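# Structural description and commentary
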Amino acid sequence: MAKTHPDERCQERVSALVDGEGWAWGKWVLRMHLERCPACRMLYERMAAIKRVVRERAPRPEVPAALWEGAAGRFGQQRRAWVVLPMMAVWRTSALGIIGVLTIFAGSWAALWPTRAPHSWLDAAQAHYAVHRTSGHSELAQGKAPQSMAFPVDLSKFGLEPASAGPCTIGGLPTYCYVYRSSSEDCWAVISRVSGLCERVAGLCPRCGSSCGHLAGSAEGVRIYAWPGDSGCVCLSVHCGNKKGPAVARAVAEALAAKR
Amino acid sequence: MAVCVAGISAPAWPRLLGNRTMRGPVRGEAAEQRTEEFEGLARRYERELYATALYFTGNPADAEDLAQEALVRAFASFHQFRQGTNFKAWLWRILTNTYINQYRKQSRAPATMPLDDVTPGAELTAVELAAAKPTEANYLDNVLDEEVREALIELREEFRIVVILADMQDMSYNEIASMLSIPVGTVRSRLFRGRQRLMKMLREYARKRGLA
């Protein structure tokens, strides 16, 4: 034991004592040991001496001016980044905000004005109607709101509210359509009076001819039904998975019959 | 009026959070103030910082680059510095990390021998210690500053970094261990061995000059 003392572990502890490292109790025990052990005391003194030499004698050269000059330039770049990055963040946030507002606006437009053109064929009908105006719609030709603009049938008991009206084409005939919208589900009804449609439809309906309301055709997924009306034929199209279609069709027929 | 949140008054919050004043990116006058604040703190340690960089890298050109890079990195992340904590330890951590991650690869590749490969007899034996005269270490009093510089630079890197941080910069073993991501026991071991080698080198210089 005496030959190996102080071993490497012990030497490291003595070295650490120079730095004041270690547990209080361990340091106290080591100091007591140093008083009795010349080898460890010598080691302690050497370690303390070398620490003192490094701390006090290691040259600290003057800082070259270029160090701070170069650093100052790069600080400037960093400061510009501090300015630019928040501004980019502001612009980015603003752009996202604008996009969000536009999206909401577009969504609202689609939700609030869906009846403007519920189906593309209505748009096409408008153009067609401009050329082929039929009798009974002279007011429209004069740029006035025609009498027929008034919704002819009350469908509120079916949850269908008047939405919009406009020129359209049904069965190749230009006419004027009334669009109802379901308040409870995504359901649309379009009705119209079309002169000469019943004759055409009769040819398309082998079962009941023109005497009953029947499917007259379809356009853009919208089923179109036709009934005899007070001025020729009434056309009704319903598009809501056809669940409400028959009920609405009956309601229209009843309402028109009562009106008649 | 102090606003109470869950029974804790508002002035107590900074204390509970450990006075953490994290500051985000700023602009305009605030950027000026932050720059001045950073420079005021950093200039206190500029000489020690440059000296540490010089002993890390071993040559003035690399030292200047390293110190400048450390300053720039510290400035860029100055908003993360917690006021009231040890700025020097924070700055030296950045310096050490920069050196380890960047400059060590570029600069002269130090011999990285595992500690187990240390030449037998490098440590002072019990016989040597017993035979040593108490006055033998007096040659250290006459050692030249330049010799200390040379000996430090010649020291193997793993020892040199620890010796510089502990003996030149008076950093604790815990701080060094944290900076280098090594156990405290390794710091203690490397420091002891580094000091031994340094002492031998200085004794050799003194012997050449006829002092030891």
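Residues numbered from 1 in each chain as written. Chains lettered and ligands numbered in written order. Predicted model: local features only at pLDDT ≥ 70, side-chain atom pairs only at ≥ 80, totals over all residues.

Further remarks concern the overall build of chain A. Each helix and strand in chain A was counted, giving eight helices and six strands. Helices and strands in chain A line up, N terminus first, as α-α-α-α-α-α-β-β-β-α-β-β-β-α. Within the span of chain A, comprising 260 residues, buried residues form 32% of the whole. Contacts spanning at least 24 positions in sequence make up 53% of the contacts within chain A whose residues lie at least 6 apart. (Helix = DSSP H or I, 4+ residues; strand = E, 2+ residues; numbered from the N terminus. Buried ≥ 20, exposed ≤ 12 C-beta atoms within 10 Å, placed from the backbone. Contact = placed C-beta atoms within 7 Å.)

What follows deals with the environment of Pro183 of chain B. The topology assignment puts Pro183 of chain B in the loop between α9 (173–180) and α10 (184–208). Through-space distance from the C-alpha of Pro183 of chain B to that of Tyr173 of chain B is 9.1 Å; in sequence the pair is ten residues apart.

Let us now look at the packing of helix α3 (residues 38–57) of chain A against helix α8 (residues 157–168) of chain B. Between two packed helices, the angle of one axis relative to the other and the distance separating the axes together describe the packing. Viewed as axis vectors pointing N to C, α3 of chain A and α8 of chain B meet at an angle of 80 degrees, and their least axial separation amounts to 9 Å. The angle between α3 of chain A and α8 of chain B places the two elements in the roughly perpendicular class. Facing α3 of chain A, whose interface residues are Lys51, Val54 and Arg55 of chain A, α8 of chain B presents Val163, Asp167 and Met168 of chain B. Of the residues assigned to the contact of α3 of chain A with α8 of chain B, the class counts are three nonpolar, no polar and three charged. (Axes fitted to C-alpha atoms, helices over the stretch in contact; angles between N-to-C directions. Parallel < 35°, antiparallel > 145°, perpendicular 65-115°, else oblique. Nonpolar A, V, L, I, M, F, W, Y, C, P; charged D, E, K, R; others polar.)

Moving on: the packing of helix α3 (residues 46–57) of chain B against helix α4 (residues 60–76) of chain B. Residue and element names in this part refer to chain B. It is the contact of α3 with α4, at a shortest axis distance of 8 Å, that shows an interaxial angle of 125 degrees. The orientation of α3 with respect to α4, classified from their angle, is oblique. The element α3 and its partner α4 pack so that their crossing is right-handed. From α3, Leu49, Tyr50, Ala53, Leu54, Phe56 and Thr57 reach across to α4, where they touch Pro60, Asp62, Ala63, Leu66 and Ala67. In the contact of α3 with α4, the residues fall into nine nonpolar, one polar and one charged. (Left-handed = near helix turned anticlockwise from the far one by under 90°.)

On to the interface of chain A and chain B. In many analyses, interface size is given as the accessible surface area lost on bringing the parts together. Every contact between the two is made by 43 residues of chain A and, on the other side, 44 residues of chain B. Secondary structure elements with two or more residues in the side of chain A that touches chain B: α1 (8–18), α3 and α4 (65–112) of chain A. Broken down by element, the residue count for the side of chain A that touches chain B peaks at 14 residues, all from α3 of chain A. Classifying every residue of the side of chain A that touches chain B gives 24 nonpolar, six polar and 13 charged.

Let us look at the nonpolar core. One finds Ala53, Val162 and Val163 of chain B to be the most contacted residues of the largest nonpolar core, which totals 62 residues. Per-element accounting of this core gives the leading share, ten residues, to α3 of chain A. When sequence neighbours within four positions are dropped, the list of residues in contact with Ala53 of chain B reads Ala63, Leu66, Ala67 and Leu95 of chain B. (Core = buried A, V, L, I, M, F, W, Y, C linked by C-beta atoms within 7 Å.)

Moving on to the confidence of the model for chain A. Per-residue pLDDT for chain A averages 66, and the proportion of residues at 70 or more is 43%. Across residues 201–213 of chain A, confidence stays below pLDDT 50; counting only partners more than four residues off in sequence or on other chains, it has 20 contacts. (pLDDT = per-residue confidence, 0-100.)

The next point concerns unusual backbone geometry. Excluding glycine, most residues fall at negative phi; most peptide bonds, likewise, are trans. Residues and elements named next belong to chain B. In this model, Asp170 sits at a positive phi of 55 degrees, which is unusual for a non-glycine residue. Along the chain, the position of Asp170 falls in the loop between α8 and α9. A positive phi angle, near 55 degrees, is found at Ser181, a position not held by glycine. With respect to the element layout, Ser181 can be found in the loop between α9 and α10.

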